[in-house]
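Structural characterization, general
One letter stands for each residue in the lines below.
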Amino acid sequence: MENNLNYKQWHDKETGSFHVRTNVYFSQCDKNKQLSLNELLRITSDIAVEDYRQQGMSREVLLQNGYAILVSRCSFRIHSMPRENDRIEIVTREERPEPLQLMRAYEILDENGTSLVSGSSSWLVVDLSTRRILPTKKFTMRNPTEFTGEHDCLPVSKIIVPENIEQIDARTIRRSDIDANGHTNNSRYGAFISDALGDILDKTQISDFRINYSKEAMLGEKLNIYSSYDEASKKILLVGKTDSATSFESEIFLK
């Protein structure tokens, strides 16, 4: 990166990647001055949405064509969590789609080009006329790529929930949790997880973070959060459930 404050965005036509240079601000960080989990989810989903918008597929255009694209699963390997006032470059690119999921890769780099976070996500295309998931081959608003890179993170696969989970928290979904899709914004689940774990995350570092979004939590619903800990793998599993369904499953691996 240049030494001046050149916070720009651009598409690399050769690689098909979208780049955003920015700063890590105080309000994005937790008490340890590190990027919070909810901000990690927010900035990576925002860059994916912006990538599509600059290619002519804004949320409004998608809506006019009868589509919504919703994040389904995310996985991140955290080499070194970005910190307050770090200048970072966020890079994303769409990859070869699965039959029912759009696939996307991420990299967060420091100002010297060193990888801080590597990630991958999957997204669902919803046909708004039927409210059903659309096979990706029928989503014809862009030419899909055949590129698939190597991912330095855990796969965005289904998270298996063990039987020995115990409730550790409960909260009611409030207005500030809801986005323009009418349900809890995906980034808010990172805050729910952090709140449920309390000071556990203050005492250690995260090596990997995965989350599956199962069913949206709606305004006024009570979200009960359950957890279990696997000592051998240093893995914390968390599950959020409303009265009607499981809302999310997540895994955090500690260093």
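I will try to describe carefully the structure that is included in this document. (Residues numbered from 1 in each chain as written. Predicted model: local features only at pLDDT ≥ 70, side-chain atom pairs only at ≥ 80, totals over all residues. Heavy atoms only, no water.)

Focus on the nonpolar core
To keep it simple, the criterion reads: What is meant by a nonpolar core is a set of buried Ala, Val, Leu, Ile, Met, Phe, Trp, Tyr and Cys residues, joined one to another through side-chain atoms within 4.5 Å. Each residue is assigned to one of three classes by its accessible area relative to the maximum for its type, calculated with a 1.4 Å probe on protein chains only: buried under 20%, partly exposed between the two thresholds, exposed over 50%. Each helix is a run of H or I in the DSSP string that is no shorter than four residues. Each strand is a run of E no shorter than two, and both are numbered from the N terminus. Contacts are residue-level and defined by heavy atoms, with any inter-residue pair within 4.5 Å sufficient.
Counting residues in each nonpolar core, the largest one holds 51 residues, and the members touching the most others are L40, F139, I193, F209, I211, L238 and I252. The biggest single contributor to this core is helix 1 (residues 37–54), with seven residues. In this structure I193 touches L37, F209, I211, L238, F248, S250 and I252, once residues within four positions along its chain are discounted.

So, the pattern of salt bridges
As a reminder of what qualifies: Take a side-chain nitrogen of Lys or Arg and a carboxyl oxygen of Asp or Glu: if they are within 4 Å of each other, that pair is a salt bridge.
Going through the model one piece at a time under the given rule, you end up with 15 salt bridges. A salt bridge links R21 to E89, with the nearest nitrogen and oxygen atoms 3.0 Å apart. In this pair, R21 sits in strand 2 (residues 17–23) while E89 sits in strand 4 (residues 87–95), placing the two residues 68 residues apart along the sequence. The buried category is assigned to R21, whose relative accessible area is 13%. Of the charged contacts in the structure, one is a salt bridge between D152 and R77, with a shortest N-O distance of 3.3 Å. Of this pair, D152 sits in the loop between strand 7 (132–133) and strand 8 (166–172) while R77 sits in strand 3 (residues 67–78), and the two are 75 residues apart along the sequence. When its relative accessible area of 26% is taken as the criterion, R77 is described as partly exposed. Each of E39, R42 and D46 takes part in a single network of salt bridges with overlapping partners.

Looking at the pairing of strand 11 (residues 235–241)
Heads up, the rule is: Strands were regarded as paired on the criterion that DSSP finds at least two bridges between them.
Of all seven residues that make up strand 11, six are buried, and the element is covered over most of its length. Looking at chain direction, strand 10 (residues 222–230) and strand 11 are connected through seven bridges and run antiparallel. Along strand 11, the bridge assignment pairs Y229 with I236. Hairpin connection, strand 10 to strand 11: the antiparallel pair is bridged by four residues, and K234 has positive phi, about 55 degrees. Note that strand 11 and strand 12 (residues 246–254) share seven bridges and pair antiparallel. Across the sheet, K241 pairs through a bridge with T246, a residue of strand 12. Joining the antiparallel neighbours strand 11 and strand 12 is a turn of four residues.

It is worth stressing that arrangement in space is one thing and function is another; only the former is reported here.
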